[in-house]
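One letter stands for each residue in the lines below.
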Amino acid sequence: MGLEGSLADFDLADILQLIHLGKKTGALHLQSGVDSGIIYFNEGMAVHAFSEHLTGDEAVNRILRWRTGQFVFKPDETTTEHTMKHPIQHLVLEAARQIDEWEDMKRLIPSMDVILTIEENPAIGTDEIQLQPLEWRILTFVDGSRSINEICKESRISEFDTCKVLYGLLSSGLIKSVGTKAVEKSKTEPPKVEKKIVVEEAKKEKGGLLGGLFGKKK
């Protein structure tokens, strides 16, 4: 049995650590709703990743926010791409530091499909706000038709940094949401999981929960 199962049952950070410690070579395929992503490993080291329009570290940062979905590790599936800048452990730590900020931002940004526009009648005092260059750059993409996801893609700035700026602009009343963009359902099938790994089965292995994920070789 290979490494496969549900993100609701296994923490993604533990799965990545297991692949790293086991010095595995292959590709970790993940599907969460309409989102999908792949992380490639060479002897336990992450070498390439992509999800939507993101690659490398940014793709992994996005994937690390998923809490539901399916995953399957396909051994010996390799790539010649090398887009990772930092070790996977560094990215896991950064994701943990950012999680609280992401939760705060969800108050005004419940979905990446939210469409934003300039507030035509801002509150008194907002005219005194001095924007930084990064804020001006992102503000130029707010036109009443682009979704936050599209703004992130076109600005070529990380999702986290873009959403953080947009959250500030929303909080200050300079921009506002005007609905949600309809998203076409992904045609990509979720990873096929023939046998769902459950905690009870994993516990039978002496290595514990993580030790039982890969199963014994015949």
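See the structure shown above.
Thresholds, definitions, all that
Chains are numbered independently. Their residues run from 1 in the order of the written sequence. Residue-level local features of this predicted model are given only where pLDDT is at least 70; pairs of side-chain atoms are given and counted only at 80 or more, and the full residue set underlies all totals for whole chains, interfaces and linings. Only heavy atoms go into the side-chain values, all of them from the structure, while hydrogens and water stay out. Put simply, the grid is 1 Å and covers the protein atoms alone, a cavity is a trapped set of points that fit a 1.4 Å probe, a pocket is an open set with protein on both sides within 12 Å along at least five of seven lines, and lining residues have an atom within 4 Å of a point. Grid points are joined across faces, edges and corners, and a volume is the space filled by probe spheres set on the points. Counting from the N terminus, the helices are the DSSP runs of H or I reaching at least four residues and the strands are the DSSP runs of E reaching at least two. Residues are grouped as follows: Ala, Val, Leu, Ile, Met, Phe, Trp, Tyr, Cys and Pro are nonpolar; Asp, Glu, Lys and Arg are charged; all remaining types, including Gly, are polar. We treat two strands as partners when DSSP finds at least two bridges between them. Contact criterion: two residues are considered in contact whenever any of their non-hydrogen atoms come within 4.5 Å of each other. Lines fitted to C-alpha atoms define the axes here, with helix axes fitted over just the stretch in contact, and angles between the N-to-C directions of these axes take values from 0 to 180 degrees.

Undergrad: Please clarify how empty space enclosed by the protein should be interpreted in this entry.
TA: Enumeration according to the criterion identifies one cavity of 30 Å³ or more in this entry. Looking at the largest cavity, its volume works out to about 30 Å³. Around the largest cavity, the lining residues are Glu58, Asn61, Arg62, Arg65, Gln98, Trp102, Glu159 and Phe160. Mapped by element, the contributors of at least two residues to the lining of the largest cavity are helix H2 (56-63), helix H3 (88-105) and helix H6 (159-172). Counting residues per element, the lining of the largest cavity draws most heavily on H2, which supplies three residues. Split by residue class, the lining of the largest cavity holds two nonpolar, two polar and four charged.

Undergrad: Help me understand the environment of Leu169, please; the structure alone is not making it clear to me.
TA: With respect to the helices and strands, the residue Leu169 is situated in helix H6. For the pair formed by Leu169 and Leu139, sequence separation is 30 residues and the distance between their alpha carbons is 8.4 Å.

Undergrad: It is not clear to me how the sheet that holds strand S6 (residues 70-75) should be interpreted in this structure. Could you clarify?
TA: Strand pairing in a sheet relies on backbone hydrogen bonds. The paired strands run either parallel or antiparallel. Judged by pairing direction, the sheet is antiparallel, and its six strands sit side by side in the order S1-S6-S2-S3-S4-S5 without closing on themselves. Only two strands of the sheet have a single neighbouring strand rather than two, namely strand S1 (4-6) and strand S5 (54-55). Note that strand S4 (residues 45-51) and S5 share two bridges and pair antiparallel. What sits directly across from Phe50, in S5, is Thr55. Each of strand S2 (26-32), strand S3 (35-42), S4 and S6 is contacted by helix H1 (residues 12-21), which is oriented at about 170° to S2, the strand it contacts most.

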